[in-house]
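A structural walkthrough
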Amino acid sequence: MKIDGKAIAEKMLAEIKQKVRMHNQQFGTVEKEYVLLEPRTYLIAKDIVAIAGSVDLPAVDTTRIPKAKILIVDDEVDLLEPFKEFILEDKPSQYEVEIAKDPKEGLLLNNEFEPDIIFFDIKMPHMMGTEMVDQIKKGEGNKPKLYVVISADGYQNIVEGMEKLGYPVFTKPFNIEQVLKFIREKCLELGLFTTANV
């Protein structure tokens, strides 16, 4: 069954506000996080609870604003749009995000879109994600500054090999807030940012 996160948020907001008020009266501030569960299910609890007024979000460096082109390559179509939206909604930032449903499309978009960062799944139709990365590295086109593995359980040997080669790895289901923090930090580290007027 496909569940739309936005519909869930709207439906549950009133109930969560009430629960938050009751929880805050008993225990203080509620801590919630984004969690991307299965490809067809995702939860945006942190946004909802923040709207309810119970989460003190961490301070963000507003003088250096992350600015990057990000390409997500994954054959799990129901994962792509939510992941893209979470990245675009992470503020302050100046992200551009494109998605590809298979490695062949990923190769085309790498040269057309010229991403700074590529997130890629390992096992996909027609070509492994690792093969796509090898072709990008050996080709004459765009060379992203960072490649990030997003993979389901079951490919431990490949994942361990990628980690040994220095690739960051996020295993599905992953904590989206950790991924967003990772993107922000890597953008600053790689010089992918713009300076705000203060």
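Reference entry: report on the structure contained in this document. Fair warning: this is a prediction, and the values are worked out from it, not measured in the lab.

Things to note about the pattern of salt bridges
Enumeration over the complete set of coordinates arrives at 7 salt bridges. In this structure, the salt-bridge partner of lysine 172 is aspartate 121, at a minimum N-O distance of 3.5 Å. Separated by 51 residues along the polypeptide, lysine 172 in the loop between strand S7 (169–171) and helix H7 (176–189) and aspartate 121 in the loop between strand S5 (117–120) and helix H5 (129–138) bring together distant segments of the chain. Aspartate 121 matches lysine 172 in its accessibility class, with the two residues each being buried. Through salt bridges with shared partners, a single network forms among Asp74, Glu76, Asp121 and Lys172.

Notes on the packing of aromatic side chains
Enumeration over the complete set of coordinates arrives at 6 aromatic pairs. Ring geometry for phenylalanine 83 and phenylalanine 174: centres 5.4 Å apart, planes at 55 degrees, overall tilted. Here phenylalanine 83, found in helix H3 (residues 77–89), pairs with phenylalanine 174, found in the loop between S7 and H7; they are 91 residues apart in sequence, far enough to count as distant. Phenylalanine 83 gets classed as buried once you look at its relative accessible area, which sits at 0%. Seen in terms of ring centroids, tyrosine 147 and tyrosine 167 are 6.3 Å apart; in terms of plane orientation they differ by 70 degrees. Their pairing is edge-to-face. Residue tyrosine 147 is found in strand S6 (residues 146–151), and its partner tyrosine 167 is found in the loop between helix H6 (156–164) and S7; the two are separated by 20 residues along the sequence. As far as burial versus exposure is concerned, tyrosine 147 and tyrosine 167 are alike and both buried. Each member of the aromatic cluster is reached from another via a ring pair, and the members are Phe83, Phe119, Phe170, Phe174 and Phe182.

Some details on the pairing of strand S4 (residues 94–100)
Pairing of strand S3 (residues 64–73) with S4 involves 7 bridges; the strand directions are parallel. The residue bridging lysine 67 from the neighbouring strand is glutamine 94, located in S4. You can see the chain leave S3, run along H3 and come back into S4, and the turn it takes is right-handed.

The rules behind the values
Residues numbered from 1 in each chain as written. Predicted model: local features only at pLDDT ≥ 70, side-chain atom pairs only at ≥ 80, totals over all residues. Heavy atoms only, no water. Salt bridge = Lys/Arg side-chain N within 4 Å of Asp/Glu carboxyl O. Helix = DSSP H or I, 4+ residues; strand = E, 2+ residues; numbered from the N terminus. Buried < 20%, exposed > 50% of the residue type's maximum accessible area, 1.4 Å probe, protein only. Phe/Tyr/Trp six-rings, centres within 6.5 Å; stacked < 30°, edge-to-face > 60°. Pairing = 2+ DSSP bridges. Right-handed = clockwise from strand over helix to strand, strands pointing away.

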